[in-house]
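Coordinate inspection notes
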Amino acid sequence: MNVNESGVRLPGWAAATIGVASGAVALGVAELAAGLINPSAAPVIAVGGAVVDRTPAGIKEWAIRTFGSNDKPVLISGIVIVVALIAAGIGLLARRRIGYGKAGLALFGLVGAVAAVSRPDSGGLDFLPSVLGAAAGVWALSWLFRRTELPEWEIAHRERSQPRYLGDRPEQRVRHEPRAAHEPEPHELREPHEPEPQETEPHEPEDDVYAFDRRRLLTGVAVGVGVAGVTGLGGRLLAGFNDADVARRSVARALPRPAVPAKALPPGADLRIKGLSSFVTPNPEFYRVDTALVVPSVDPKSWTLKIHGLVDRPVELTFADLLKRPLTEADVTLTCVSNEVGGPYIGNARWLGARLADVLRDAGIKRDADMLLSVSQDGWTCGTPVDVVMDGRDALLAIAMNGEVLPTAHGFPVRQVVPGLYGYVSATKWVTEIKVTRFDQDEAYWTPRGWAPKGPIKTQSRIDVPRSGDDVPAGRTTIAGVAWAQHRGVDAVEVQVDGGEWRQATLAQVPGPDTWRQWSIDWDLARGRHTISVRATDATGHTQTPEQMPPAPDGATGYHSIVVQVG
């Protein structure tokens, strides 16, 4: 047990609790300030973004594989836990000297402020939430330590009631307390030549649990946690209520009709088999993989798209300009390069937007350009091959998804959709800038992290029904799933049981080559344990390879196989 500057003796647990409560107040106040200024400037989000940017690709891939779309909440939770441990350490430092704790909280604020202003989408006041949070934490630390001090009357009372000890050696530690009338005087108990013991300073027990006001400490901590909770929740509510949400509802009321509507879905595009992925993925179920810890809030009234670089005429479009252009509707399946064989990071939607090729023609692309470096509102970058966008496919600057205005999590107000390429080289959300350049002159976000600069989607297939590990009744069983090969199209799907012959599956109809394709087959399965595999062949005649390869650097390969128990 140590004594701080105020003379208060605190055990380690009490000092650590004060540190954690002070850190919570700091985070809560910072969150509230960020809600008013910029949600991305909250220290946890700013530091988390810096961590994401500096994390090796292999660790990111592991996080996506392990936690899926929950990778961001897991990262934020991990950062909060680390901050709590650091705050506990700050509390332990403060019990030695309160100045050490204040310095620790100031350093905490400095780290958050630097992380916030170094983000690509930072604003002029983004340092302020971390500074205000640190100041609130310093105040809370001092206040909580003051609350541990005992009142003067209590200190005096305890000093009066504290027994004094005589002597230093154990055999000499005799309580000096009032004696009864019949007790002999101390000198009558000593040997004739034994020296008279000297009175020493009172000896304090090692574990003096009465050296601080426990009740006032705990009530103070409760108040601090309450303040942290209220301010943090207030910040979240402010961040959630913004002009972009209001504007999104306004756009929804006047969503333009497509000048080129999508073809009607052919009969039988969806086999409607229980457990099989629906042909159209509902917006709430559409996968989301990106680096944004906080969904950017972009007001379409202030949004612009700048197209510059190797062009004849730089272009700057407003959202109103984009809505005036002829809009095209197209069914396109998007796939994430992080998708493992048989993985969930794929979805199909009907998109509405302006054709990107037409916008680029207005700017006039120079002959030596081969790359479009698109930039997101949060600073993320994406490199898309020019020839793919200009070859006639439905590459869009999309404003709507499945008949609705783009959800904010999927890129409102505008995102890129390019069929046939993995999302990391095509599907920029919240896009604000396109630099026409060259692959030998610029790199996008993922390229220096070990991913291929170009990412054409590989021919793949997946079994949805039954699921791996299912118990299946013996006899005729329906096996079904999806296959994809954007922008080539799927021509055949084959299924194999226990390494035997490959049998052709029945294919559903599709509106074009840019979507996935459902398939199914009925198979008589005998009792026992069986391994079922699937493979697809695209319209070029290429059959997917059985070689199992991980997603990095340009997409996973291999057959999807499941194991079922038939009984």
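A short tour of the structure in this document, coming up. (Residues numbered from 1 in each chain as written. Predicted model: local features only at pLDDT ≥ 70, side-chain atom pairs only at ≥ 80, totals over all residues. Heavy atoms only, no water.)

On a plain count of helices and strands, the chain comes out with 13 helices and 23 strands. Within the span of the chain, comprising 567 residues, buried residues form 49% of the whole. Sequence separation of at least 24 residues holds for 76% of the intrachain contacts in the chain that already meet a minimum separation of 6. Looking at the chain as shown, the accessible area adds up to about 27100 Å², and 56% of this sits on carbon and sulfur atoms. (Helix = DSSP H or I, 4+ residues; strand = E, 2+ residues; numbered from the N terminus. Buried < 20%, exposed > 50% of the residue type's maximum accessible area, 1.4 Å probe, protein only. Contact = heavy atoms within 4.5 Å. Areas by Shrake-Rupley, 256 points an atom, 1.4 Å probe, with all protein chains shown as cover.)

This next bit is on the packing of helix H5 (residues 98–117) against helix H6 (residues 128–147). Relative to each other, H5 and H6 sit at 160°, their axes nearing to 8 Å. As far as their axial angle goes, H6 and H5 are roughly antiparallel. Note that H5 runs across H6; the crossing there is right-handed. Contact residues: H5 offers Ile98, Gly101, Lys102, Leu105, Gly109, Gly112 and Ala113, while H6 offers Ser130, Ala134, Gly137, Val138, Leu141, Ser142 and Phe145. Across the contact of H5 with H6, the residue classes break down as 7 nonpolar, 6 polar and 1 charged. (Axes fitted to C-alpha atoms, helices over the stretch in contact; angles between N-to-C directions. Parallel < 35°, antiparallel > 145°, perpendicular 65-115°, else oblique. Left-handed = near helix turned anticlockwise from the far one by under 90°. Nonpolar A, V, L, I, M, F, W, Y, C, P; charged D, E, K, R; others polar.)

By size, the foremost hydrophobic cluster in this structure holds 83 residues, and its most contacted members are Ile307, Trp351 and Leu397. Here the element with the most residues in this core is strand S11 (residues 396–401); it accounts for 6 residues. In this structure, Ile479, Val495, Val497 and Ala536 belong to the second largest nonpolar core, which totals 20 residues. (Core = buried A, V, L, I, M, F, W, Y, C linked by side-chain atoms within 4.5 Å.)

With omega at 10°, the peptide bond leading from Phe412 into Pro413 counts as cis. Relative to the helices and strands, Pro413 resides in the loop between strand S12 (404–405) and strand S13 (415–417). Here Asn402, not a glycine, exhibits a phi torsion of approximately 55°, which is positive. On the secondary structure map, Asn402 appears in the loop between S11 and S12. For Trp430, which is not glycine, the phi dihedral falls at a positive 50°. With respect to the element layout, Trp430 can be found in the loop between S13 and strand S14 (431–437). Since its relative accessible area comes to 2%, Trp430 is described here as buried.

Taken by themselves, the reported measurements are silent on function.
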